[in-house]
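What follows is each chain in one-letter form.
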Amino acid sequence: MRGKLLVSSIIVLCLVTGCSMDSFAFLYDLTSSLKENVFTDVLGSDAGALIADIDDAISAIGPLEYYGGYALGTHVFVPGMEYESSIMPPLAWSILDSLSMASENRVKVEKVTAHLSSRADEDDAALVVSTYGMFDAVVKQLGDEHKAHDVLSRFVRTIDEENVTKRDVVALGTVMYVLSCALECFDEVHVDIDMVAQEFDMGMDEVGTSYIDSIALALGMGKSVARTIGSQWLFQALDGVLMFMRGAM
Amino acid sequence: MGGTGVASARYAEVFYSNPALVGVDNQFFSLPLLSFTLYNVNKLVQPGGALDILFTQDDPDRAFDQLVNSIGSGRGDVLSGQMSFGFISGITGLSIDTTLDVHSQGQGGEASTLVLEGNFAFSLAISVPFTVAGQHTFSFGAGAHLVFRGFSIQDMEGPVRVGGFSAGSILGFYDDEDILASVLNGVPVAFGFAIPLDFGFTYDWREVFTFALALRNVNGDYHMQTYSGVNQLYYMLTGGYLGSTPPGQAEQGGSFSFHTPMSLDAGFALRTPDGGLWDWIDVTFAFDVVDIWDLFREGVSAEGFVSRMRTGIELSLMRTFDFRFGLNGGYMSFGFTFDFQIMSIDLTYATLEYGDRVGDKPLDLFSISFRIGLEN
């Protein structure tokens with residue numbers, strides 16, 4: 001009864017304000033613009049520190065090339081190369097810290113969005129493409145090539161070296177780190193492609209905003225920036241990995 | 001009008017803005033003034049938001065789910081309601097205000113904790129004006145509020161922490177009457193009172209220019225007691241209970257107190273004079289700076305000043321249609337009032353800052369008020 005009263009109150013509110021079914025997009029655009037603080041540009045923001053952190057995180061991906069690959073349990077990305085240690089934790093921590101710093105701050109989100117949408121450095125772009133290739137090779141080792149491609153497409157979108165953005169660099173790095181950590185748990189355990197695919201499918205049934213938000217929050221991230229940086233596909237991938245890990249343990 | 005009021009408040013607003021303004025409009029009563037405010041409007045009207053789902057997909061259940069899931073993380077507000085009875089005659093005013101607020105905290109969405117807060121306040125205000133040379137008026141005012149406040153808490157053990165119940169738990173509201181009973185009987189509450197005092201001063205020149213100072217919330221110490229539930233508290237106060245499920249044994253916990261800070265505010269207002277065209281069109285401009293002590297204590301900065309700045313302008317046509325625009329801490333606000341003598345309807349859209357810094361966490365709100373009464 002109380003719930004119905006609440007919904008009825010909202011209906012009355014809409015009737016009084018004259019909004020109709022067709023007016024929601026208009027109302028959304030209007031309220032979005034009205035929520036801006038008019039002194040934002042005057043006051044500035046400390047988004048510079050955040051952007052610097054993200055740049056540091058991006059540059060931290062460099063040693064990956066030095067070590068030559070990620071270790072996935074008993075699997076190594078580049079066959080024949082030994083796993084020494086993961087260089088990804090510093091990167092991941094930098095990203096998580098950066099995300100937390102920027103939590104819910106619209107100004108920072110906008111600046112970071114613009115920054116991340118810019119093209120990555122040529123070296124970083126080449127690194128992302130080569131990492132994608134390494135990942136492709138390792139996933140294919142897990143089983144059927146067709147299935148491997150299916151799984152791969154859920155982890156990373158197709159990388160075009162000409163259009164690699166800073167976001168691609170950060171996002172791919174984050175996914176690789178989580179995947180690496182997760183599959184380390186299966187050292188000496190046989191992992192086949194069906195297991196991976198099945199767990200990813202379980203994690204990707206629900207793609208609602210609140211679901212993604214809850215994952216972002218569970219990871220200690222601010223929702224707004226998590227959405228900005230990670231985008232939906234990243235969190236689907238993370239969720240798949242986390243569920244994979246939980247289910248197997 | 002952008003949250004201004006130190007020098008520009010009228011009618012019922014003076015009880016909480018500046019008691020020295022009580023005598024400006026010496027005829028007012030409201031029987032009652034009802035107000036309802038919904039927060040986070042931007043999220044509700046977004047594509048896939050609660051209102052979008054409600055009207056385009058005709059799915060009230062899912063709309064309600066989305067309403068709950070639109071609650072943001074951290075500290076915020078969800079909705080509030082107010083009912084007030086006010087009366088001003090000459091230089092004295094009385095007001096009775098009841099508010100019920102639903103706050104939120106925690107991770108956001110279904111994982112949020114909803115905090116219930118209720119306030120009942122009985123206010124008395126008086127102002128003493130002195131007129132010098134016919135056009136300079138000095139007014140000194142004082143006000144006192146007897147405030148009873150109750151809010152939900154986490155538990156009755158250890159230090160008192162604000163708490164409540166999970167937002168996800170109300171999703172079954174349609175089907176499960178027990179949820180209301182569990183909220184009324186199972187969520188511990190704190191209840192107590194305070195007697196804050198307000199003092200004000202205004203200088204008025206020919207009702208065109210007003211400068212004002214207000215020292216508000218002096219003695220803002222609340223003396224509280226914890227109880228095992230809303231109904232247990234209600235039972236102790238009245239001997240009855242709310243809802244259809246009787247509460248368990250009433251349990252009274254420990255007592256505690258907390259302090260709400262006082263505030264020194266300053267402002268000025270400019271109004272068009274009476275006569276000629278200005279009998280049909282009234283324009284008021286107001287500018288306030290609130291929490292001046294805190295501004296200096298923290299060290300004066302541009303951000304500190306902006307966050308405490310309130311300014312606005314109001315255009316009143318035939319004293320019937322009022323249009324308002326303001327800036328509250330840098331966020332725009334808009335308002336419209338239709339005043340039809342014995343009744344009025346007021347619509348307001350505004351954004352408030354809930355973060356530590358400007359831009360951290362803006363939350364917008366839409367408020368609708370209805371008043372039966374007289375303003376003169």
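Residues numbered from 1 in each chain as written. Chains lettered and ligands numbered in written order. Predicted model: local features only at pLDDT ≥ 70, side-chain atom pairs only at ≥ 80, totals over all residues.

Considerations on the overall build of chain A
Along chain A, the regular secondary structure elements total 13 helices and 2 strands. Each of the 249 residues in chain A was classed as buried or not, and the buried ones make up 39%. Across chain A, every contact between residues at least 6 apart in sequence was considered, and the portion connecting residues at least 24 apart equals 84%. (Helix = DSSP H or I, 4+ residues; strand = E, 2+ residues; numbered from the N terminus. Buried ≥ 20, exposed ≤ 12 C-beta atoms within 10 Å, placed from the backbone. Contact = placed C-beta atoms within 7 Å.)

Considerations on the overall build of chain B
Secondary structure assignment for chain B yields 8 helices and 18 strands. A sequence separation of at least 24 residues applies to 63% of the contacts in chain B between residues at least 6 apart.

Some details on helix 6 (residues 230-238) of chain B
Within helix 6 of chain B, the full set of buried residues consists of B:V230, B:N231, B:Q232, B:L233 and B:Y234. Just downstream of helix 6 of chain B, B:G239 is the residue with a positive phi angle, here 85 degrees.

So, the environment of B:T348
Residues and elements named next belong to chain B. Among the structural elements, T348 can be located in strand 17 (residues 343-353). On the basis of neighbour counts, which here come to 19 C-beta atoms within 10 Å, the residue T348 falls in the partly exposed class. Considering only alpha carbons, one finds T348 and T37, 311 residues apart in sequence, at a separation of 9.0 Å. With residues near it in sequence (within four places) discarded, T348 still touches S333, G335 and S367.

Describing the pairing of strand 10 (residues 221-227) of chain B
Residue and element names in this part refer to chain B. When strand 7 (residues 189-194) meets strand 10, the two strands line up antiparallel, connected through 5 bridges. Within the sheet, the bridge partner assigned to F193 lies in strand 10 and is H223. By the bridge criterion, 6 bridges tie strand 10 to strand 11 (residues 252-259) in an arrangement that is antiparallel. Residue pairing for strand 11: H223 is matched across the bridge by S257. (Pairing = 2+ DSSP bridges.)

A closer look at the confidence of the model for chain A
Residue and element names in this part refer to chain A. Overall, the predicted model of chain A reaches an average pLDDT of 54, with 14% of residues at or above 70. Helix 2 (residues 24-34) holds the highest mean pLDDT among the elements of chain A, 79, whereas helix 5 (residues 63-67) holds the lowest, 36. Every residue in residues 239-249 scores below 50 in pLDDT, and together they form 22 contacts with partners more than four places removed in sequence or on other chains. (pLDDT = per-residue confidence, 0-100.)

Structural notes on the pairing of strand 15 (residues 321-328) of chain B
Residues and elements named next belong to chain B. As paired elements, strand 14 (residues 309-317) and strand 15 share 8 bridges and run antiparallel to each other. Counted as the bridge partner of E314 is R324 from strand 15. As consecutive antiparallel partners, strand 14 and strand 15 are separated by 3 residues, and within that stretch M318 has a phi angle of approximately 55 degrees, a positive value. In this structure, strand 15 lies alongside strand 16 (residues 331-340), joined through 8 bridges in antiparallel fashion. Its bridge partner being in strand 16, D322 is matched across the sheet by T337.

Considerations on the environment of B:A212
Residue and element names in this part refer to chain B. Locating A212 in the fold gives a position in strand 9 (residues 209-218). Exposure remark for A212: the 27 C-beta atoms within 10 Å place this residue in the buried category. Put simply, A212 and F268 are 56 residues apart on the chain and 6.0 Å apart in space, counted from C-alpha to C-alpha. In contact with A212, not counting residues within four places along its chain, are V6, A7, N18, A20, G200, F201, T202, A266 and G267.

Brief notes about unusual backbone geometry
Residue and element names in this part refer to chain B. The phi torsion at Y11 lies on the positive side, around 55 degrees, for a residue other than glycine. In this fold, Y11 is placed in the segment before helix 1 (14-17). Of note, the phi angle at E207 is positive, near 55 degrees, even though the residue is not glycine. Residue position: E207 is located in the loop between strand 8 (197-205) and strand 9.

Points about the environment of B:R308
All names here are of chain B. By the secondary structure assignment, R308 is in helix 8 (residues 302-308). C-alpha of R308 to C-alpha of V290: the two residues are 18 residues apart in sequence and 5.3 Å apart in space. Not counting the four nearest positions on each side in its chain, R308 is found in contact with V289, V290, D291 and L295.

Quick notes on the confidence of the model for chain B
Summing up the model confidence of chain B, the mean pLDDT is 86 and the portion of residues at 70 or higher is 96%. Per the prediction output, this complex has pTM 0.69; the corresponding ipTM is 0.81.

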